Amino acid sequence: MMPIGPLMIEHRLIERMIDVMGEEVKIFDERQKLDFEFVEMAVDFIRTYADRCHHGEEEDILFRELRVKKLIEEHRNTLEELIEEHRWGRKTTLKLVEANKNYMHGTEKAMSTVIDCMKSLVQFYPKHIEKEDKHFFIPCMGYFSEAEQQAILREEWEFDRSLIHEKYKNVVVAVEKALTSRSL
Ligand SMILES: [Fe+2]
Ligand SMILES: [Fe+2]
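A brief report on the enclosed structure follows. (Residues numbered from 1 in each chain as written. Chains lettered and ligands numbered in written order. Predicted model: local features only at pLDDT ≥ 70, side-chain atom pairs only at ≥ 80, totals over all residues. Heavy atoms only, no water.)

This part is about the overall build of the chain. A count of helices and strands for the chain gives five helices and zero strands. In the chain, the order of α-helices and β-strands from amino to carboxyl end is α-α-α-α-α. For the chain, the spread of C-alpha atoms along the three principal axes comes to 55 × 45 × 20 Å. Relative to its full complement of 184 residues, the chain shows a buried share of 41%. Excluding contacts between residues fewer than 6 apart, the proportion of contacts in the chain whose partners are at least 24 apart in sequence is 83%. Taken as a whole, the chain presents about 11000 Å² of accessible surface, with 56% of it coming from carbon and sulfur. Charge separation in the chain, taken as the distance between the mean sites of 28 positive and 37 negative side-chain charges, equals 4 Å. (Helix = DSSP H or I, 4+ residues; strand = E, 2+ residues; numbered from the N terminus. Buried < 20%, exposed > 50% of the residue type's maximum accessible area, 1.4 Å probe, protein only. Contact = heavy atoms within 4.5 Å. Areas by Shrake-Rupley, 256 points an atom, 1.4 Å probe, with all protein chains shown as cover. Lys, Arg positive; Asp, Glu negative; His and termini not counted. Charge placed at Lys NZ, Arg CZ, Asp CG, Glu CD.)

Its 28 residues give helix α1 (residues 4–31) an end-to-end C-alpha distance of 41 Å, which sits within 8% of 40 Å, the value for a rise of 1.5 Å per residue. Count one or two residues on from α1 and you reach Gln32, which has phi positive near 50°. (Expected span 1.5 Å × (residues − 1).)

On to the packing of α1 against helix α2 (residues 36–67). The packing of two helices is summarised by the inter-axis angle and the distance between the axes. Here α1 crosses α2 at 155°, and the two axes come no closer than 11 Å. As the angle between them shows, α1 and α2 are arranged roughly antiparallel. Crossing of α1 over α2 shows left-handed handedness. Contacts between α1 and α2 involve Ile4, Leu7, Glu10, His11, Leu13, Ile14, Met17, Val20, Met21, Glu24 and Phe28 on the former and, on the latter, Phe38, Val39, Ala42, Phe45, Ile46, Tyr49, Ala50, His54, Glu57, Glu58 and Leu62. Of the residues assigned to the contact of α1 with α2, the class counts are 16 nonpolar, two polar and four charged. (Axes fitted to C-alpha atoms, helices over the stretch in contact; angles between N-to-C directions. Parallel < 35°, antiparallel > 145°, perpendicular 65-115°, else oblique. Left-handed = near helix turned anticlockwise from the far one by under 90°. Nonpolar A, V, L, I, M, F, W, Y, C, P; charged D, E, K, R; others polar.)

As structure tokens, then:
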């Protein structure tokens with residue numbers, strides 16, 4: 001498998017979540033009411049899976065390796081655009097998290113920010129994914145030898161593995177904290 005294989009498989013799951021978010025946001029808009037628990041879950045998916053795991057693999061492994069290659073101008077520009085788009089995605093998700101918290105705490109007017117951010121993310125992800133899948137990933141494989149591709153692929157598996165440990169370590173830390181605060 002080429003090292004872009006796992007990344008493209010991850011794109012398909014991100015698209016499925018984005019499709020659901022697109023449908024949910026339409027309902028929020030029609031009813032002028034949010035399901036803040038859905039938003040929390042969607043945000044957790046975006047932050048953990050789409051950003052920490054998927055964008056992490058792209059930036060910390062594939063893009064890092066591409067940076068040391070002599071890329072043609074078009075590819076170098078696309079690489080910078082993709083990184084900038086990841087930053088935009090993080091900023092918009094953070095804004096969404098904050099607006100959703102405000103809504104949960106009774107600030108009605110935070111609803112329009114939640115809806116706007118969700119609509120922006122729903123528009124953003126398919127375009128970002130298409131740029132990677134159709135215009136960047138495949139041509140970029142030409143910069144790597146077979147051995148280099150396999151090394152990147154191995155590093156991607158390793159990256160996924162360490163994320164599982166990180167996620168569940170955080171779960172244990174969170175339940176320990178909750179227990180301590182209950183017994184105070
Ligand atoms: Fe990306
Ligand atoms: Fe991607």
